[in-house]
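Coordinate analysis (summary)
So you can see what is in the structure, the chains are spelled out below.
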Amino acid sequence: MPDRHCDIAIIGAGPAGLAAGLYAARARRTTVLFEREVTGGQISTTSIIENYPGIDEVDGFELGQRMQRQAEKYGTEMALTAVSAIEPRESSFRLATGNGDYSARTVIYTSGADYNKLGIPGEVKLTGKGVSYCATCDAAFFKDQVCAVVGGGDAAMDEGLFVTRFASEVHVIHRRDELRASKILQERAFANDKMQFHWDTVVTEIEGDDAVKRLLLKNVTTDETSMLDIAAVFIFIGLTPNTTLVKDLLKLDGDGHIYVNEWMETEVPGLFAAGDVRVNSARQVATAAGDGVTAAIRADHFISEHFDS
Amino acid sequence: MAKPRDVTDSTFEAEVLKAEKPVLVDFWAPWCGPCRMVAPVVEELADDYAGKVDFVKLNTDENPDTAVKYGIRSIPTLLVFKEGEVAGQIVGFRPKSDLAQRLDAVV
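Notes on the structure follow. (Residues numbered from 1 in each chain as written. Chains lettered and ligands numbered in written order. Predicted model: local features only at pLDDT ≥ 70, side-chain atom pairs only at ≥ 80, totals over all residues. Heavy atoms only, no water.)

1. Focus on the interface of chain B and chain A
The parts lose accessible area when they come together, and the size of an interface is often stated as this lost area. For clarity, the threshold we go by: What makes two residues a contact is simply this: any of their non-hydrogen atoms within 4.5 Å. Take the accessible area each of two parts loses on contact, using a 1.4 Å probe, and add the two losses: that sum is the buried area. The term salt bridge refers to a pairing of a side-chain nitrogen on Lys or Arg with a carboxyl oxygen on Asp or Glu at a separation within 4 Å. By the criterion applied in these results, polar contacts are pairs of N or O atoms within 3.5 Å in which, for protein atoms, one can donate a hydrogen and the other can accept it, and in which residues neighboring in sequence qualify only through two side-chain atoms. What counts as a helix is a DSSP run of H or I of at least four residues, what counts as a strand is a run of E of at least two, and both are numbered from the N terminus.
Tallying the contact residues gives 15 residues for chain B and 20 residues for chain A. Buried area between chain B and chain A, summed over both chains or domains, comes out near 1,500 Å², and the portion from carbon and sulfur atoms is 65%. It is B:Trp31, B:Met37 and B:Arg73 that lose the most area in chain B upon contact with chain A, and together they represent 42% of the buried surface on that side. On inspection of chain B and its partner chain A, the count reaches 2 salt bridges. A:Asp59 is paired through a salt bridge with B:Arg36; the nearest N and O atoms lie 3.3 Å apart. There are 4 residue pairs in polar contact (both at pLDDT 80 or more) connecting chain B and chain A. The element contributing the most residues to the side of chain B that touches chain A is helix α2 (residues 33-48) of chain B, with 4 residues.

The following block contains the structure:
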């Protein structure tokens, strides 16, 4: 089967990719947006987004769906399949995908980042049995029960506060002695009677057979160990960028982010990176969308310079 | 399109446990974003496996007894029942090809 061709291939349908799709399609470039899992990326499981300018409050999944509809309205084609390889050719890129091969004049890489796992005993075995990476999916199963949240950033506080709607107590386990979450989320967390904080503490094991029963905790300053009986643990300990497809093509920073300039251009001409996958991202819906827009505008210019005569 | 029909706490035994064919049960709830993504994929599978596997869905908000009985603590969860026993379990959103693979392995 011959390759399908497009002007701009976008990999990853989070806010960066969806915003890029909107702008690419409105520039009248043939645009294909690849997504291996769920439209929206990280926001698809975020209960409420209240910091996207102009929108008071929106369910994250709903915002992702709206962004997709808007991009499709102007002609972006959604391809719900994984991309398995990106190969730069002389004046195009070859993409191997679950729908066959594509050739694209430019590629915007918006693959985002995945939540990290703790990597401790019991975690894999008890996933779906009280170990969760999505409070909005699972918190309702733990009505009037004791839960824990691991982490101290925005995601941990957001999700922890969501869990308080159902749980009787929410124990925040954080390895440092202060939170990294934004001040407004910290204020809400500290003001919530159901939230209890375990500072300088890490989880060393999750115990349970058919369901989570308790956490083994260790205080990293005193080495003191303790146990905490809980029904569920929600884990939000940072993210790792998804750069498998480009790690041999591009230089990455120590944490695996892609280096780009202010136009979201990578060192490979015609290959752009935007959103959480790039270096120095503020990791917000609004900044990811902005990155995607910048990359799409630049990709459009790139095609004009190199292909349009 | 063969829309998976709703089962409830009271119909679960007759429609799932005593069914002759294998049954895939989609445990979902209205507030769960990824569940809304799984639903159309399950509908497509229901077409592909028509005649071989029955497809049903169970709202965990309205039918907590069944959800508790099968230890559902994360949704979306898909359970495949064969002759009244759980033959396979898939937690979280997976692409259609993954689901088909898992389904082929158990039916």
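2. Quick word on the state of the cysteines
Let me state the cut-off plainly: Any two cysteine sulfur atoms within 2.5 Å of one another count as a disulfide. The buried label goes to any residue with under 20% of its type's maximum accessible area, the exposed label to any with over 50%, and the partly exposed label to all in between, with areas taken from a 1.4 Å probe on protein chains only.
Per the stated rule, a full pass over the model turns up 2 disulfides over all chains. Through a disulfide, A:Cys134 is tied to A:Cys137; the S-S separation comes to 2.2 Å. Across the S-S bond of A:Cys134 and A:Cys137 the torsion is about 75°, and the bridge reads as right-handed. On the basis of relative accessible area, A:Cys134 is assigned to the buried category, the value being 9%. Disulfide pairing is shown between B:Cys32 and B:Cys35; the S-S distance is 2.3 Å. In this structure the cystine formed by B:Cys32 and B:Cys35 twists about its S-S bond by roughly 85°; its chirality is therefore right-handed. Its relative accessible area of 0% is what places B:Cys32 among the buried residues. No disulfide involves A:Cys147; its nearest neighbouring cysteine sulfur is the one of A:Cys134, lying 13 Å away. Residue A:Cys147 is classed as buried on the basis of its relative accessible area of 1%.

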